[in-house]
Amino acid sequence: MNGNGNAMMGEEESGYEVVIVLPKRRTKKGGGDGGADKEKEDCVAFLVRELEMAGLIVDRFRGVPAEFLKVSAPMVILGRAAAELQLKKLTYIGMELQFEWDMVAAFVRQPDGSLFSWSERYSCFRHLIYGIVNKTDADIELKFDESKEFLYEKNESLLEKLEAEGIVKQVFPLHDEAKRKQLLRKWALNWLDFTWQPIDEIYSYFGTKIATYFSFLGMYTRWLFFPAAFGLATQLFDFGPMQFMVLPSFFVFVISWAVFFFQFWKRKNSALLARWGINYNYSINESKGMNEYNYVDTKKKKFYTTRPIEKKNIQADEWSGILRKFRNNFIIVLGIICLQLPFELAYAHFYNVINNEILRYLLTAVYLVAIQYYTRIGGKVSVSLIKYENNQGEESSAASLVYKVFGLYFMQSYIGLFYHAVVYRNLTTLRKVLIQRLIVSQVLENLIENSIPYISYNYKKYKALHKKKHDKGSPMGKIVSLSTRVEKEYLKPSYAASIGADLEDGLFDDYLELALQFGMIMMFACAFPLIFCFALLTNVTEIRADALKLLAMLRRPVPRTAATIGAWLNIFQFLIVMAICTNSLLLICLYDKEGNWRIEPGLAAILLIEHVLLFLKFGFSHFVPEEPAWVRANRMRNVAQARDLYSKQLLRTISKLDHKFE
């Protein structure tokens, strides 16, 4: 198969995919190859030359807000970078092997026919850009704009040095304009298909993590049709003598629906990974930095083998990490109990005591503003605490962050509802709060998350154009505008989490919004069955709103390689268990109006239903496999092929050794 890589050189030439942003020059002098000072070279010209020597194609131009270097790469350069990175890619025998450019025909292609996924391409670009180092025997003197001089030291990354000096402001991926417009037309603006989405095209354009999120959101929204129809029926029809059985039946149906949904989501997730050629088990080991033979302490940068002599070191670091995580979780729980819980209970109490609706809305407005700041502060504290944990890889750190932040939001979102349901047993007020929280909050969140990027972009655009218009030397009366899409994308906000972009991207907020909605509709289903209809409507809108946000209002997100919904699955499973308990309590409140809490046949039946549903929740996963039969069959066939291949190769090697010794 040698030579196949060279035959592909012209097959997948890429457009400009990455941009390096530089500050504008204060003076025109020095913008070329060094100006009058021949000893010190201009750092930007030096960077351009080094990028081109690495095989990249660079287009340098000066825009209104900054100076830009657009970067693209021929496929052969990306292929060699992938080999240097030792990327593992799926082969046609079902094994993930280290990529070799000369053996390119052995590797499985993406659903769109390309060799590399978007995540792999971006990794190769970063490797090429940040991999430029000073390999000479001396330091190099560089300058920028006649006023800034510095030394580029031996074995130092050029781009990291320029970032440290404040010369490189940002590096970000560019939207592919043709594909972006196609996705806008087929996906974001296609309201007629409700929940249908081109998942494979989303995967090819945004990467695994975003495609997985939209696949989950689409499936969740489609499945909401069933409890929404049942909930609507409970409000429209009178079931006569059987009316007392309606809510218990709805309770059983909703819990069963949730259990079935998540089990079938696992099957769909495994099918998607098989279709995209992603080995999930391997990616987990890679992200944790562990395999069968080694252990990596990411905090102390140590490497251990599993030999007996290293056992004590491994155990000491393992328990140290567990204790640090326990300490951090205790800090979060203490903050919830001492700071957030009294505030939440005070709000719920005053909401119930106040009779004036205007004062209630004012109280709610003050509460929402205050609690948003509190939870954001708590989220940032969680991010800081995680840095001191011994988490094995990015995925483990992200999971720890999810649990901590969700604990804060869980208290914020549900404690007031619990208060109305249990203490006052005021189901009328509970329904009002549910409607207010679900509808108003969803509308406001969609409005805010789509309007803030638009306002931010227009404000930055106005500042850049205003500054350019009033710069010295600018022609009077000349119309100044942003002429290229690169300038426009630079001014757009990035897809970042509200608690910070260190560990998570904007999907953190999207998953959090889904989890809070799921908890609300599940835990209080018996109090207001019609709530599923509202959730269905908001989710149909959410799909298109999120798509429009990603394609039109934000920069192209940096791809992340998460292959599942991760720790959020555990959050959803926890909410199902909570829903079994809370709905049982709500049914008891509904059927025991006198407040004597007597265990009569009806109440005993409710408790029995609770136990049956708990058994269903934990037992159903053993009856329905988490991967479809065709995925399992392909995996077993690939394992058998790989075993046969290795056996034959081993026999050839042994045979050659025998002949050699003879």
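Structure: above.
Predicted model, so just to flag it, every value in this text is computed and none were measured. (Residues numbered from 1 in each chain as written. Predicted model: local features only at pLDDT ≥ 70, side-chain atom pairs only at ≥ 80, totals over all residues. Heavy atoms only, no water.)

A.B. asks: Summarise the sheet that holds strand β4 (residues 67-72); cite the residues concerned and give the values.
C.D. replies: If you walk across this open sheet you meet the 4 strands as β3-β4-β1-β9, and the pairing is antiparallel. Edge positions in the open sheet fall to β3 (57-62) and β9 (170-173), since each of these has one partner strand only. Averaged over all pairs of adjacent strands, the angle between strand axes in this sheet comes to 20°, irrespective of strand direction. Where helix α2 (residues 43-53) meets the sheet, it contacts β1 (18-22), β3 and β4, and its direction lies at approximately 155° from that of β3. Against the sheet, helix α4 (residues 118-130) contacts β1, β4 and β9, and its axis sits at roughly 155° relative to β9. (Pairing = 2+ DSSP bridges. Helix = DSSP H or I, 4+ residues; strand = E, 2+ residues; numbered from the N terminus. Axes fitted to C-alpha atoms, helices over the stretch in contact; angles between N-to-C directions. Contact = heavy atoms within 4.5 Å.)

A.B. asks: How would you summarise the pattern of salt bridges if you had to cite specific residues and measurements?
C.D. replies: Going through the model one piece at a time under the given rule, you end up with 13 salt bridges. Where Lys-70 meets Asp-59, a salt bridge forms, and the shortest distance between an N and an O atom there is 3.5 Å. On the criterion of sequence distance, the pair formed by Lys-70 in strand β4 and Asp-59 in strand β3 is long-range, its members being 11 residues apart. The exposure class assigned to Asp-59 is partly exposed, which follows from its relative accessible area of 27%. A salt bridge links Glu-489 to Arg-485; the nearest nitrogen and oxygen atoms lie 3.3 Å apart. Taken together, the residues Glu-489 and Arg-485, both in helix α16 (residues 485-491) and 4 residues apart, mark about one turn of the helix. (Salt bridge = Lys/Arg side-chain N within 4 Å of Asp/Glu carboxyl O. Buried < 20%, exposed > 50% of the residue type's maximum accessible area, 1.4 Å probe, protein only.)

A.B. asks: Describe the nonpolar core, naming the residues involved and giving the relevant values.
C.D. replies: Membership of the largest hydrophobic core comes to 98 residues, with the highest contact counts inside it found for Phe-518, Met-522, Phe-532 and Trp-568. The residues contacting Met-522, other than those within four sequence positions of it, are Val-254, Ile-255, Trp-257, Ala-258, Phe-532, Ala-579 and Asn-583. Counting residues in hydrophobic clusters, the runner-up holds 45 residues, among them Val-44, Leu-142, Leu-159 and Leu-162. (Core = buried A, V, L, I, M, F, W, Y, C linked by side-chain atoms within 4.5 Å.)

A.B. asks: Residue-level account of helix α9 (residues 225-236), with values.
C.D. replies: Over its 12 residues, α9 runs 16 Å from end to end, which matches the ideal 16 Å to within 8%, given 1.5 Å per residue. Residues Pro-227, Ala-228, Gly-231, Ala-233 and Thr-234 constitute the buried set of α9. (Expected span 1.5 Å × (residues − 1).)

A.B. asks: How would you explain α4 if you had to name every residue and give the values?
C.D. replies: For α4, which comprises 13 residues, the first-to-last C-alpha distance of 18 Å matches the rise-based estimate of 18 Å (1.5 Å per residue) to within 8%. The buried fraction of α4 is high, at 10 of 13 residues.

A.B. asks: Give me the environment of Tyr-130: which residues, what numbers.
C.D. replies: When you line up the elements, Tyr-130 lands in helix α4. Linking Tyr-130 and Ser-157, residues 27 residues apart in sequence, is a C-alpha distance of 6.2 Å. Residue contacts for Tyr-130: discarding those within four places in its chain leaves Ser-157, Leu-159, Glu-160, Glu-163 and Val-171.

A.B. asks: I'd like a description of the packing of aromatic side chains, backed by residues and values.
C.D. replies: Counting across every chain of the model gives 37 aromatic pairs. On the numbers, 5.1 Å between centres and 85° between planes, the contact of Tyr-213 with Tyr-511 is edge-to-face. Taken together, the residues Tyr-213 in helix α8 (residues 208-223) and Tyr-511 in helix α17 (residues 507-523) connect sequence positions 298 residues apart. Exposure class is identical for Tyr-213 and Tyr-511. Each is buried. With 6.2 Å between their ring centres and 35° between their planes, Phe-216 and Phe-262 make a pair best called tilted. With Phe-216 in helix α8 and Phe-262 in helix α10 (residues 246-276), this residue pair connects regions lying 46 residues apart in the sequence. The two residues Phe-216 and Phe-262 agree in class, both being buried. The ring centre of Phe-172 lies 4.3 Å from the NZ or CZ of Arg-555, which sits over that ring. We note Arg-556 situated over the ring of Tyr-205; from NZ or CZ to the ring centre the distance is 4.0 Å. (Phe/Tyr/Trp six-rings, centres within 6.5 Å; stacked < 30°, edge-to-face > 60°. Lys NZ or Arg CZ within 6 Å of the ring centre and 35° of its normal.)

A.B. asks: Describe the pairing of β4, listing the residues and the values that go with them.
C.D. replies: Across a regular strand the side chains alternate sides, sitting on one face of the sheet and then on the other. For β4, a buried count of 6 out of 6 residues is recorded, marking the element as mostly surrounded by other parts of the structure. Residues Glu-67, Leu-69 and Val-71 point to one face of β4 and Phe-68, Lys-70 and Ser-72 to the other, with burial holding for every one of them. Relative to β4, β1 runs antiparallel, the two sharing 5 bridges. Within β4, the residue paired with Val-21 across the bridge is Phe-68. Bridging between β3 and β4 involves 6 bridges; their strand directions are antiparallel. Each bridged residue has a counterpart across the sheet, and for Arg-62 the counterpart in β4 is Glu-67.

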